[in-house]
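# Residue-level structural notes
Listed below, chain by chain, are the residues.
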Amino acid sequence: MNALTLWFHKTGSPPTAYRLAGRIMPWCYGLGLVLGLVALYGGLVLAPRDYQQGDAYRIIFIHVPCAWMGLFAYFFMAANAFIALVWRIKLSEVLAMAAAPVGAAFTFITLVTGSLWGKPMWGTWWTWDARLTSELVLLFLYLGVIGLHAAIEDRRQAARAAGFLALIGVVNIPIVHFSVNWWNTLHQGSTVRLMGPSKIDGSMIWPLLLMALATHVWFFGSVLARTRIGLLELDGGKDWVRAIALGETEARA
Amino acid sequence: MPPAPRQPEDHRDRPALLEARGLALSRNDEPIFGPLDFALHPGEVVLVEGDNGAGKTTLLRVLSGLLAPTSGEIRLAGEPLTLARLSPQVALLSHANGLKPELTAIENLRFAAGLLGLRSGLSPTTALAGVGLAGYDDVPTRTLSAGQKKRVALARVLLAPVGLWLLDEPYANLDRDGIQLVNRLLENHANRGGAALITSHGAYAYTSGTPRRIALRGGNPGGGGPAGGSGFSRDAAVPEIRDGFAAEAAPADRSNSGGEA
Amino acid sequence: MKPGSTLAACAALVRRDLTLVWRRRGDAANPILFALIVVALFPLALGPEPEQLRRIAAGVVFVAILLAGLLALDTLFRSDYEDGSLEQLVLSPHPLSLLLACKIAVHWLTTALPLIVVSPLLGELLHLAAPLRGLLPLALLLATPLLSLLGAVCVALTVGMHRSGMLLALLVLPLYVPVLIFGAGACNAAQAGLPFAAPLLWLGAALVLVLVLAPLACAAALRISLS
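This one's a predicted model, so the numbers in the text were calculated from it and none came from an experiment.

Parameters and conventions
- Residues numbered from 1 in each chain as written.
- Chains lettered and ligands numbered in written order.
- Predicted model: local features only at pLDDT ≥ 70, side-chain atom pairs only at ≥ 80, totals over all residues.
- Helix = DSSP H or I, 4+ residues; strand = E, 2+ residues; numbered from the N terminus.
- Rg over C-alpha atoms; globule rule 2.2 N^0.38 Å.
- Buried ≥ 20, exposed ≤ 12 C-beta atoms within 10 Å, placed from the backbone.
- Contact = placed C-beta atoms within 7 Å.
- UniProt positions renumbered as here; feature names shortened; annotations may be inferred.
- Core = buried A, V, L, I, M, F, W, Y, C linked by C-beta atoms within 7 Å.
- Domains from an automatic or database assignment.
- Nonpolar A, V, L, I, M, F, W, Y, C, P; charged D, E, K, R; others polar.
- Expected span 1.5 Å × (residues − 1).
- Axes fitted to C-alpha atoms, helices over the stretch in contact; angles between N-to-C directions.
- Parallel < 35°, antiparallel > 145°, perpendicular 65-115°, else oblique.
- Left-handed = near helix turned anticlockwise from the far one by under 90°.
- Pairing = 2+ DSSP bridges.
- Bend = angle between axes of the 7 residues up to and from the residue.
- Right-handed = clockwise from strand over helix to strand, strands pointing away.

## Details of the overall build of chain C
Tallying secondary structure elements over chain C gives ten helices and zero strands in all. When its helices and strands are written in sequence order, chain C yields α-α-α-α-α-α-α-α-α-α. What you see for chain C is a C-alpha radius of gyration of 18 Å, in line with the 17 Å of a compact globule of 227 residues. Its C-alpha atoms give chain C principal-axis dimensions of roughly 65 × 35 × 30 Å. For chain C, with 227 residues in total, the buried portion stands at 50%.

Dropping the structure here:
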């Protein structure tokens, strides 16, 4: 066993991963919060009004990073599911399943903010715009993974089955995107382009990118928090979990 | 497998049909069984004993390749068993008989023969007669009694051209004749160089010959095996392998109880 | 003492499944009945104006057949799982993906093909435009095998569950979206006088690809859910 695989096995073992995640997690949350607040200040206060959309456009500082995160979280989940299925690494199973609800939440926020944005822009809460439709299908993919994971009793089998579904979804995402775009051109007329060809100003771009960074960091913090719980659940009977549980109750008492 | 020799002594030098090393399975970190070490040689019948919930069925599912063990390995005729490459050397009789109620007995057997192949010298009709159901060829399986269904399922195992039988509770639902029938089938199978692993919760037993026994004591701490042995540990259901009560009468190899001959 | 050939195994499986469908032939009409009900509900809800119905006819028939297929999917492995013959299938020495492909093919033949046959009738109920009378069955002929194959993978993932209906629909939906878009889209394009060959060709290409990959994925999924 070479040094790299040894390192993987060591950090991948549940107790080590639990401790490591616990150490990194607060930093992720803290950094995500700070970056997010700065980005919000930049986006909501410093950035100029849009000459067409007025202040309503400012929702993109939430909407767009969340949309990116929805996709990123899916690929993060699928990559971990792949590792879990091929090498049967427990930690990857937990990571993949921890990412699913977080990604679903980001996707949901994308849909809600898109809809909120649509009201002043299009005069309607929902338009069958290609992007929104793809986003909706992505949400269904997430819900399928979460639902399947919840429906199987054996935790490891559940993680494998849901991970397999996530991998199928990865193949499906570009196909859905392509087909929805085609569908949308077929039914032209109902579409209003969200992002016109207008150039985006530099004072708008930095809060956007900063917010994207903040959501990434926050995502990892959130995934790590869920991973810790997942590891405790999975190793419920093991000594290291018992030690943690007993230690905590003693501290409280 | 090669043509079956008639004398049981001849099987001694051949590699074990089934070999388990450090085999263990746990679900949601609850140990189901293991770690187990045993080997099954041609001509041997091994009885897996244990109370309800001791993990007998699960053990058989693992040995057949349906379920991946948590740790340890299985070798079938020297080849490691993997999920991707299941062995054509195993016939499994599980709780669900695998029979279609809408089909007749003979249709069920024909399908099994098509799927798994046919043991030379047997046909679905003769196999059905061999389990005492001559004349039941065209009776829908739905109308058969539980014991008769079990017999049809046994005929399916008999038909398959395999060396290793994994029979889960073969005595369940059978009358006295049926129990003797199972014993006779097992004996014949062992004599032609096959091997069988059968489970029983103790109500019935393989009486003819003296099979080796594996006692499973997984799951419930209260239900221990027949022998006391070491104290129950949480992580492992301690396997208890002992030779049959009359080792001198045993026909097959008994070099050691661990089985790595 | 040698295992039978893979071809014999596939033949035995196809023969058995066809026999089973024949013995339970009362159930075989269920998908058709379901599709008919769904189609009949639309005029009742929207009003009987032929022009309005004609506009949505192809799409409604497509959705009705998709839903009927979804309903029938559940039967693909259920009885085999319950009586233990699925286990025997997995344990057989032959490639599981090939055996599953046979099963899916029989399932498509006995559930989807009758739906395609009655699709002109369903279209007629909604005053389907004349140029679509040939196109709709053709699009269905390309789309329904895709639905069956993709659905089979999802059924394999939910095979051990008791009430898997809603979950199955959730798993299947994202996979069905592109098929529905291209299948119904081809009909809509034709109705609007636009070229419709491209979506059909896409469906055909996807069918070839899925025909190869879905049985493999189905076998992998089945191994996961049987363990």
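After that view, the rundown keeps rolling.
## Looking at the overall build of chain A
Assigned secondary structure in chain A consists of eight helices and zero strands. Put simply, chain A runs from its N terminus to its C terminus through helices and strands in the order α-α-α-α-α-α-α-α. A total of 253 residues make up chain A; the buried ones form 43% of that total. Contacts in chain A between residues far apart in sequence, at least 24 positions, make up 79% of those at least 6 positions apart.

## Overview of the UniProt feature "transmembrane region" (unreviewed entry) in chain C
Residue and element names in this part refer to chain C. As annotated by UniProt and renumbered to match this structure, "transmembrane region" (unreviewed entry) occupies residues 32-49, 56-77, 97-123, 135-159, 165-188 and 200-222. Note that residues 165-188 is 100% helix and 0% strand, and that its end C-alpha atoms are spaced 30 Å apart. Taken end to end, residues 200-222 comprises 100% helix and 0% strand; its first and last C-alpha atoms sit 31 Å apart.

## Comments concerning the nonpolar core
Grouped together as the largest cluster of nonpolar side chains are 217 residues, with contacts concentrated most on C:Val61 and C:Val153. With 16 residues, the single largest contributor to this core is helix α8 (residues 132-157) of chain C. Looking at which domains feed residues into this core, each of domain 1 (14-89 + 162-249) and domain 2 (100-155) of chain B gives three or more. Residues in contact with C:Val61, not counting those within four places in the same chain, are C:Val39, C:Ser119, C:Leu122, C:Gly123, C:Leu126 and C:Leu136.

## Remarks on the interface of chain B and chain C
Taken together, the contacts link 30 residues of chain B with 26 residues of chain C. Breaking the side of chain B that touches chain C down by element, the ones donating at least two residues are β6 (90-93) and α2 (105-116) of chain B. The greatest single-element share of the side of chain B that touches chain C, amounting to six residues, is contributed by α2(B). Residue composition of the side of chain B that touches chain C, grouped by class: 17 nonpolar, eight polar and five charged.

## Observations regarding unusual backbone geometry
Although it is not a glycine, B:Glu169 adopts a positive phi angle of roughly 50°. Mapped onto the fold, B:Glu169 is located in the loop between β7 (164-167) and α5 (176-191).

## A few points about the environment of B:Glu187
Along the chain, the position of B:Glu187 falls in helix α5. Distance in space between the C-alpha atoms of B:Glu187 and B:Arg212 is 14 Å, their sequence separation being 25 residues.

## Overview of helix α4 (residues 146-159) of chain B
Residues and elements named next belong to chain B. In a regular helix each residue adds 1.5 Å, so 14 residues correspond to 20 Å; α4 covers 20 Å between its end C-alpha atoms and thus fits that length. Burial analysis of α4 places eleven of its 14 residues in the buried class, which makes it a mostly covered element. Taken together, the buried positions of α4 are occupied by Gln148, Lys150, Arg151, Val152, Ala153, Leu154, Ala155, Arg156, Val157, Leu158 and Leu159. Where α4 is buried, its residues touch β6, α2, α3 (124-130), β7 and α5.

## Some details on the packing of α2(B) against α4(B)
Residue and element names in this part refer to chain B. At a minimum axis separation of 10 Å, α2 and α4 run at an interaxial angle of 30°. Judged by the angle between their axes, α2 and α4 are roughly parallel. In the packing of α2 onto α4, the handedness of the crossing is right-handed. Listed contacts from α4 to Ala105, Asn108, Leu109, Ala112 and Ala113 of α2 are Val152, Ala155, Arg156 and Leu159.

## Details of the sheet that holds strand β4 (residues 71-76) of chain B
Residues and elements named next belong to chain B. If you walk across this open sheet you meet the four strands as β2-β1-β4-β5, and the pairing is antiparallel. In this open sheet, the two strands that pair with only one neighbour each are β2 (30-40) and β5 (79-80). In terms of strand pairing, strand β1 (residues 18-27) meets β4 through five bridges, oriented antiparallel. Considered in β4, the bridge of Arg21 is made with Glu73. Against the sheet, helix α1 (residues 56-64) contacts β1, β2 and β4, and its axis sits at roughly 125° relative to β1.

## A few points about the interface of chain A and chain B
Taken residue by residue, the interface counts six residues in chain A and four residues in chain B. For the side of chain A that touches chain B, a count of residues per class yields no nonpolar, two polar and four charged.

## Some words on the UniProt feature "transmembrane region" (unreviewed entry) in chain A
The feature "transmembrane region" (unreviewed entry), as given by UniProt, occupies residues 27-47, 59-87, 94-116, 136-152, 164-184 and 204-225 of chain A in the numbering adopted here. Along residues 27-47 of chain A one finds 95% helix and 0% strand; the C-alpha atoms at either end are 28 Å apart.

## Regarding the pairing of strand β9 (residues 212-215) of chain B
All names here are of chain B. Residues of β9 alternate between two faces, with Arg212 and Ile214 on one and Arg213 and Ala215 on the opposite face, all of them buried. Pairing geometry for strand β3 (residues 45-49) and β9, over four bridges, is parallel. Following the sheet pairing, Leu47 is matched in β9 by Arg213.

## Points about helix α10 (residues 197-226) of chain C
Helix length check: α10(C) (30 residues) gives 42 Å between terminal C-alpha atoms against 44 Å at 1.5 Å per residue, within 8%. Of all the bends in α10(C), the greatest, near 35°, is centred on C:Val210.

## Remarks on the packing of helix α9 (residues 165-191) of chain C against α10(C)
All names here are of chain C. At a minimum axis distance of 8 Å, the contact between α9 and α10 shows a crossing angle of 160°. As far as their axial angle goes, α10 and α9 are roughly antiparallel. Of the two elements, α9 crosses α10, and the hand of that crossing is left-handed. Taken together, the residues of α10 that come into contact with α9 (itself represented by Phe182, Gly183, Gly185, Ala186 and Ala189) are Pro199, Leu200, Trp202 and Leu203. Class assignment of the residues belonging to the contact of α9 with α10 gives a composition of seven nonpolar, two polar and no charged.

## Concerning the environment of C:Ala143
Residues and elements named next belong to chain C. Among the structural elements, Ala143 can be located in helix α8. Judged by C-beta crowding, with 28 C-beta atoms within 10 Å, Ala143 ranks as buried. In this structure, the C-alpha to C-alpha distance between Ala143 and Ala29, residues 114 residues apart in sequence, is 20 Å.

## Some details on the pairing of β7(B)
All names here are of chain B. Burial of β7 is two-sided: the residues Leu164 and Leu166 facing one way and the residues Trp165 and Leu167 facing the other way are all buried. Pairing analysis gives four bridges linking β6 to β7, with the strands arranged parallel. From the neighbouring strand, Val90 faces β7, where its bridge partner is Leu164. Pairing of β7 with strand β8 (residues 195-200), which is carried by four bridges, proceeds in the parallel orientation. In the sheet register, Leu167 faces β8, and the bridge partner there is Ile198. In this view, the connection linking β7 to its parallel neighbour β8 by way of α5 has right-handed handedness.

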